Each structure stands twice: as C-alpha cells, then as structure tokens.
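As a plain string of letters, each chain reads:
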Amino acid sequence: MPQSIRSHRDSTQPSSSSRQATLLNADYVDVKHMQQFEEALRDDDSLLDLTVPNSPVVTPMHLSPPPSSGIASGRRKRLPRTPRKGREWLYLILRWPLLSLILLFISVQFGMYVLIRQLVNAKEWASAWRGRRGVLRKRLRHARSYQDWKDAALALDEFMHFDDWKLMDEDMYYDWKLVRKVRRSLKALREKKDSRGLLGVLETCIRTNFAGVESARLYSETFYGTKTLIESEWFQHTHPAHDQKKRFFKSANANLGTSALCLSGGASFGYYHFGVVKAFLDQDLLPRVISGTSAGGLVAALIGTRTDAELRELLVPELANRITACEDSFNIWFHRFWSTGARFDSAAWARKACFFTRGSMTFREAYMRTGRILNISVVPAERHSPTKLLNYITAPDTVIWSALLASAAVPGILNPVALMQKTREGNIIPWNWGSKFKDGSLRVDIPVQALNLYFNVTHPIVSQVNPHVHLFFFAPQGSAGKPVAHSKGKGWRGNFLLSAGEQWLKLELTKNFKLIRDLDLLPQLLGQDWSSVFLQRFEGSVTIWPRTRFMDWVHILSDPDPPELERMMRIGQLVTWPKLHMIANRHRLEKQIFLAVKLSSCTTESRLSGRPFHR
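Conventions and cut-offs
Residues numbered from 1 in each chain as written. Predicted model: local features only at pLDDT ≥ 70, side-chain atom pairs only at ≥ 80, totals over all residues. Heavy atoms only, no water. Helix = DSSP H or I, 4+ residues; strand = E, 2+ residues; numbered from the N terminus. Buried < 20%, exposed > 50% of the residue type's maximum accessible area, 1.4 Å probe, protein only. Contact = heavy atoms within 4.5 Å. Areas by Shrake-Rupley, 256 points an atom, 1.4 Å probe, with all protein chains shown as cover. Pairing = 2+ DSSP bridges. Right-handed = clockwise from strand over helix to strand, strands pointing away. Polar contact = N/O pair within 3.5 Å; in protein donor to acceptor, adjacent residues only side chain to side chain. pLDDT = per-residue confidence, 0-100. Arc of directions from axis to C-beta. Axes fitted to C-alpha atoms, helices over the stretch in contact; angles between N-to-C directions. Parallel < 35°, antiparallel > 145°, perpendicular 65-115°, else oblique. Left-handed = near helix turned anticlockwise from the far one by under 90°. Patch = residues over 30% accessible without salt bridge, like charges linked within 9 Å, V, L, I, M, F, W, Y side chains within 5 Å. Salt bridge = Lys/Arg side-chain N within 4 Å of Asp/Glu carboxyl O. Core = buried A, V, L, I, M, F, W, Y, C linked by side-chain atoms within 4.5 Å.

## Structural notes on the overall build of the chain
Link 1 in the chain: Secondary structure summary: the chain contains 23 helices and 10 strands in total.
Link 2 in the chain: Within the chain, the fraction of its 615 residues that count as buried is 48%.
Link 3 in the chain: Restricting to contacts in the chain with at least 6 residues of sequence separation, those with at least 24 account for 79%.
Link 4 in the chain: Carbon and sulfur atoms provide 57% of the accessible area of the chain, an area that totals close to 32200 Å².

Pasting the structure below:
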C-alpha cells in the first residue's frame, strides 16, 4: 500500500483516545422516558391492564363484595381479626431479653474471631515475608500485569520446589487413577482413528468436576498451575459423522453446563468489580452469563450492554467521572431522608444509570447487541413474595436501568421502585402492574439456583465484596494460586488450632443468626426483614474477594475519583490473577463445545436451506 494512501486512511480513522473520550462522554438519557418514569413514581395505583389504553379496571366477580356488605354500601364494617404471629405472652416477655443475650454472644464471638484472624496474619507475615521468599512475594504483590504476576508465581513455585508436586500424578484430592485410564483410552482410540469410541469416552468424562479435577484444592498447592496430568489436553479435534457430532456436543453442553460471573452487592465496595472484570477481559475469559446485584448490577449492566472493544476503552480510571451517585451535599440528602425516608432520589439515579445501561436498553436488546446474558436480582417490596431474576427470558422488554434502581433500593438508601418495560411504540410503562421492587442482596445476593435453572450454570464464579460478608472468607488450607504461607505450602493457615478456632467461631455466629431468624426475634427496621442478610449463599465454585482497607468503610457511600478507582481496579485485578489459570482450564472446554454446537446448528440450517455453509 502506498505511504500516501496509508497516511490518509490513518488520518480518517479516529484515534484510540478520541474513541475513549466519545464513549466516556456519551449522553444516553431519553428525556421522554425520564418523564414517564417520574409519572410512574407518582402514580402508585397503576392500571391493571397496561397494554390497552384507557381500559376500565374490572374486578372479578368472586372478588367483588356482596351488595349488602359494608364495603359496597359505603358503611365501615369491622373485619374479623386474624391471629397474628407472636401474640403468645411468653414471646412478648422473653423476646427482647433473649435477643439482647444472643447479640451479646455474637459480639463476644466476633471479637474472638477478629483476634484469631489477626494472629493468623501475624504468623503468616513472620514466616512468609523474609529472605528470598519475601522478595518473590513482594514481586508477586506489586505485579502490574498478568504476565508479570505469572512470572513471579512460577519463580516462587521453582524456589519452593512446588514443581515436583505438579509432576506427581498421585494426590488424595482427585481420582488420579481414573484420569490416567481416560488419558490412555483417548490416546489408544486416536491411534485407531475410532471416532465413535472417542465420542463415547469424551461423553462420559466431559461433565462438571469429573474425577475431582476441578477441585480448588488441586490449585491451592502452588502459586500457578496444578498437576501435569490434569493440564493435558483431552478434547482434541475428531472427525465423526455429522449426526454423531451434533448429538455428542449437545449432550456435552448439557452435562458440563456453563460458567457465570456473579458480582455481589456492597455499595462503594462494588467498584472493585471493575478490576475483576478487566482481569477477565484482558485474558479473553469473560463468561457469557453475567449476574449482578445492587452495586454489582451496575458493573454487570456495563458489561452486558458493551462489546469487548468498548469495554477495553471504558475500563479506565477516567470512568470515575461518570460515577456521581453520591455527589449531593449533606444538607440535600439529609433533607431528602427526613421527608422521604431515603437518602437518594430515584429519578436522579435513573438519569445517572443511563450511561451504564447505554440508555433505555432492554434485556433482550442487550443480549442481541453483545451476545452476553445479563441477569439482575431484585426482591418484591412485599415481605413474602418470591425473588425475581431479570434477564432476556424472564423480563425481555424490561428497561435495564429500572432494574438497576430496584436492585439498589436498600431501605433508607433508596425507596422501592416500579420496573419499567418498553413498548413497541418506544414508550416505557410500569411492568408487572406497577409492583415495587428493592435490593436483591437482602435475600439472594448470588442467585446460583436461578442461574442453574435458566441457563444451566454449574460453575458460578463469584466476586464477593459485600462488607458484612467478605471479612469472613478464610481459606484454612490455602486457595487457588495462594498456598499456605508456611510449612512449604502444606498444613493449615496459622496452625491447626487457629484454623479450627476460626471455623468453630464462624459456625457459632451462623448458628446464632439462624436462631434469631427462626424465632422471629429481629424487629423490622425501616420496614425490612433483615434476617436473611447473613444467611444466604455468598460463595461459588470460585470465589474472589478483595483486600479492603479501613478507609473503604469510611467512604462506603462515596464516589471514587480517578486515582481511587485506579487503585480499586488494580486490587481487583491482583486478587483475580491467582484464579485465572483454574478458570481458563474450564473456559477452553466450554468455549470449544459452545463453538461446536453453534457450528453444528449453522451446518444444519445450511443443509435445510440448500445453501453452502462457509466456516
């Protein structure tokens, strides 16, 4: 290509910095939609029939009061009193003393728990941060890229002689004999070019945690990698008949399932998620299924509505300039809380959320644009109504920014809001007859069960930043990429006694919280039952949690500036890198199966249509 033509083309293409500025400064607010949302906020009694304009509200006959009743005639009639839970005199007398006693036990146990954790940290620091090992660990902690971290991890494995463990097949945490047999069978069948036999063996062993090869314990003995036997490639190219291949990949896809990245709530702690996402994105490991709740929903919405190229431009410290949820002064939000019972204004938050959702995009539109499956967890305002997982299947026309507001509606922070759905004419109207919804973290922070039901998620990867939860994450025998700091990576953190004490205190705390919930001792503060906040499932097959600092608690409801967001993103990347190798081993398998299923479907369509299919 001539130099003049090349220079002209380069001059006509926008530079990376200009594209980045365009993406960061884009305004996606639809004024009409904001007005319609504000009308829905003012109108709590939405019409039952939202599809036909000006339709009358018809009450079913079996719900209509009889003509002679006091309701029909306008007279006030006393209804029969329904028995209320907790009216027994012993409950009324003992409730508050018993609750006070249990809370006292919890306070003492929590103090002991903090003391044990500090003792473990002190022992690990004294044994792991001296000499050559300490130098290598500092290099690991100060890595600026995944490759730097990987090089430091491999150097530590070599220095600690962990490479010898990788070469030995034998281990108690997986069925190494079975894995050997499978490997020998696959090798023999490939030599015989027996495609049918190969598919039969692969169909048996391609499933979640086959022979225990996905056990996190197999990745917690070293800083990088696991057994060489597990690292070997099982899934290689075969040449069976089309019908056999299609049936095999369909079965393998169902048996193995898929991975999902689940981002927890946690107020301003949720900005650590940006670093976690960036670490996945840089290594092309971002799952197709994304789930977010509360603050995690904001990050999940950004992922679900942007392509990979756009995310690489957006995940920069300057993104902090678009995070302005907490910019109001103390006088403004205190006056608002005094008058409405909530610190933040729903309409104002809706305008700010539009940037992260790319305007009034719906769940179906986001899926069609990016191919990612966005899920946001919300809870109905009524106490006993079931939780809802919103996605392109359960709520295809629901506007994502309204789901974000609902998922962040913690009592006292934001009032419950109605979800909005987009009509064919481009307007937005209340969804689900105008029912109000609130923060999903109050009941289901990590919707593992619903994700498995809708999308066959069998490998949830959880980024957990909830401030009341992540303090209790403790891997007594190490975690993936982070072996025990002493005794050459073996044994228990601190020692067996300290790890046993940590586990016992954690179980005691859980037991006391369950007792409070089951005896209905906790009062409803701000109209909310808080008993499930500590008793959910907060972890996944892989759990990532950040190293927070004291000032994070001070600024828990504050917006970060670019330097602070850069720090949080770097911490998020640093805690994700040790998990990436374990995730990558499964991701390769999932990706090959997904592409094969897609290829088989395209081939079938081309055959039925009579058109040639080009790969």
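Here the narrative resumes.
## Considering the environment of L565
Link 1 in the chain: Note on placement: L565 falls in helix α23 (residues 562-609).
Link 2 in the chain: Given a relative accessible area of 0%, L565 falls into the buried group.
Link 3 in the chain: Sequence separation between L565 and Y272 is 293 residues; the distance between their C-alpha atoms is 8.2 Å.
Link 4 in the chain: Ignoring sequence-local partners within four residues, the contact set of L565 consists of Y271, F274, V316, P317, L319, A320, I323 and P560.

## Topic: the pairing of strand β2 (residues 289-292)
Taken residue by residue, a regular strand's side chains alternate between the two faces of the sheet.
Link 1 in the chain: Residues of β2 alternate between two faces, with V289 and S291 on one and I290 and G292 on the opposite face, all of them buried.
Link 2 in the chain: With 4 bridges connecting them, strand β1 (residues 258-263) and β2 associate as parallel partners. Looking across to β2, one finds that A260 is bridged to V289.
Link 3 in the chain: Viewed along the sheet, the connection from β1 through helix α13 (residues 272-282) into β2 turns out right-handed.
Link 4 in the chain: Of the pairings in the sheet, the one linking β2 to strand β3 (residues 373-380) comprises 4 bridges and is parallel in character. Residue I290 lies in a different strand from β3, and its bridge partner there is L374.

## Comments concerning the side chain of H273
Link 1 in the chain: Within the secondary structure, H273 is located in helix α13.
Link 2 in the chain: In this structure H273 comes out as buried when scored by relative accessible area, which is 0%.
Link 3 in the chain: There is a polar contact of 2.8 Å between the side chain of H273 and the side chain of S463.
Link 4 in the chain: Excluding its chain neighbours within four sequence positions, the residues that come into contact with H273 are L263, S264, G296, V299, S463 and V465.

## Description of the pairing of strand β8 (residues 436-439)
Link 1 in the chain: Sheet topology places β3 next to β8; 3 bridges connect them, and they run antiparallel. Bridging from a neighbouring strand, V379 pairs with K438 of β8.
Link 2 in the chain: Both strand β5 (residues 417-418) and β8 contribute to a ladder of 2 bridges, which runs antiparallel. Paired with V417 across the two strands is F437, which belongs to β8.

## Overview of the confidence of the model for the chain
Link 1 in the chain: On average, residues of the chain score 83 in pLDDT, and 85% of them are at 70 or above.
Link 2 in the chain: Under a pLDDT of 50 for its full length, residues 1-12 has, in the predicted model, 2 contacts with residues more than four places off or in other chains.
Link 3 in the chain: When the criterion is pLDDT under 50, residues 45-83 qualifies, and its contacts beyond four places in sequence or with other chains add up to 19 contacts.

## Quick notes on unusual backbone geometry
Link 1 in the chain: With a phi angle near 55°, A267 is a residue other than glycine that sits in the positive phi range.
Link 2 in the chain: Looking at where A267 falls in the secondary structure, it is placed in the loop between β1 and α13.
Link 3 in the chain: Overall, the relative accessible area of 32% leaves A267 in the partly exposed class.
Link 4 in the chain: In this structure, R358 takes a positive phi of about 55° despite not being glycine.
Link 5 in the chain: Residue position: R358 is located in the loop between α17 (346-353) and α18 (363-370).

## Description of helix α6 (residues 131-141)
Link 1 in the chain: All buried positions along α6 are accounted for by R133, G134, L136, R137 and L140. When α6 is viewed along its axis, its buried side chains cluster within an angular range of 165° and face the same direction.

## Some words on the environment of A325
Link 1 in the chain: Tracing the backbone through its elements, the reader meets A325 in the loop between α15 (308-314) and α16 (330-340).
Link 2 in the chain: Assessed through its relative accessible area of 21%, A325 is described here as partly exposed.

## Side note on the packing of helix α5 (residues 89-128) against helix α21 (residues 496-518)
Link 1 in the chain: Contact pair α5 / α21: the axes reach a minimum separation of 9 Å and the direction vectors enclose 155°. Between α5 and α21, the crossing angle belongs to the class labelled roughly antiparallel. Judged by the sense of rotation from one axis to the other, the crossing of α5 with α21 is left-handed.

## Some points on a nonpolar patch on the surface
Link 1 in the chain: Where nonpolar side chains cluster on the molecular surface, the patch consists of L98, L101, L104, F105, V108, M112, W504, L515 and L519 and spans about 810 Å² of accessible area.
Link 2 in the chain: The leading source of residues in the nonpolar patch is α5, at 6 residues.
Link 3 in the chain: Residue placement: M112 occurs in helix α5.

## Regarding the nonpolar core
Taken as a class, soluble globular proteins show a tendency for nonpolar side chains to be buried jointly.
Link 1 in the chain: Membership of the largest hydrophobic core comes to 118 residues, with the highest contact counts inside it found for W149, F274, F280, L286 and W401.
Link 2 in the chain: No other element matches α23, which puts 13 residues into this core.
Link 3 in the chain: In this structure, F280 is in contact with L261, L285, L286, P287, I461, I544, T576, L580 and I583, ignoring residues within four places of it in sequence.
Link 4 in the chain: A260, I373, L451 and V457 belong to the second-largest nonpolar core, a separate cluster that totals 11 residues.

## Re the environment of G292
Link 1 in the chain: For G292, the position within the fold is in strand β2.
Link 2 in the chain: For G292, a relative accessible area of 0% puts it in the buried group.
Link 3 in the chain: It is 5.2 Å that separates the C-alpha atoms of G292 and I376, two residues lying 84 residues apart in sequence.
Link 4 in the chain: Beyond its immediate sequence surroundings of up to four residues, G292 is in contact with L263, G297, A300, N375, I376, S377 and S407.

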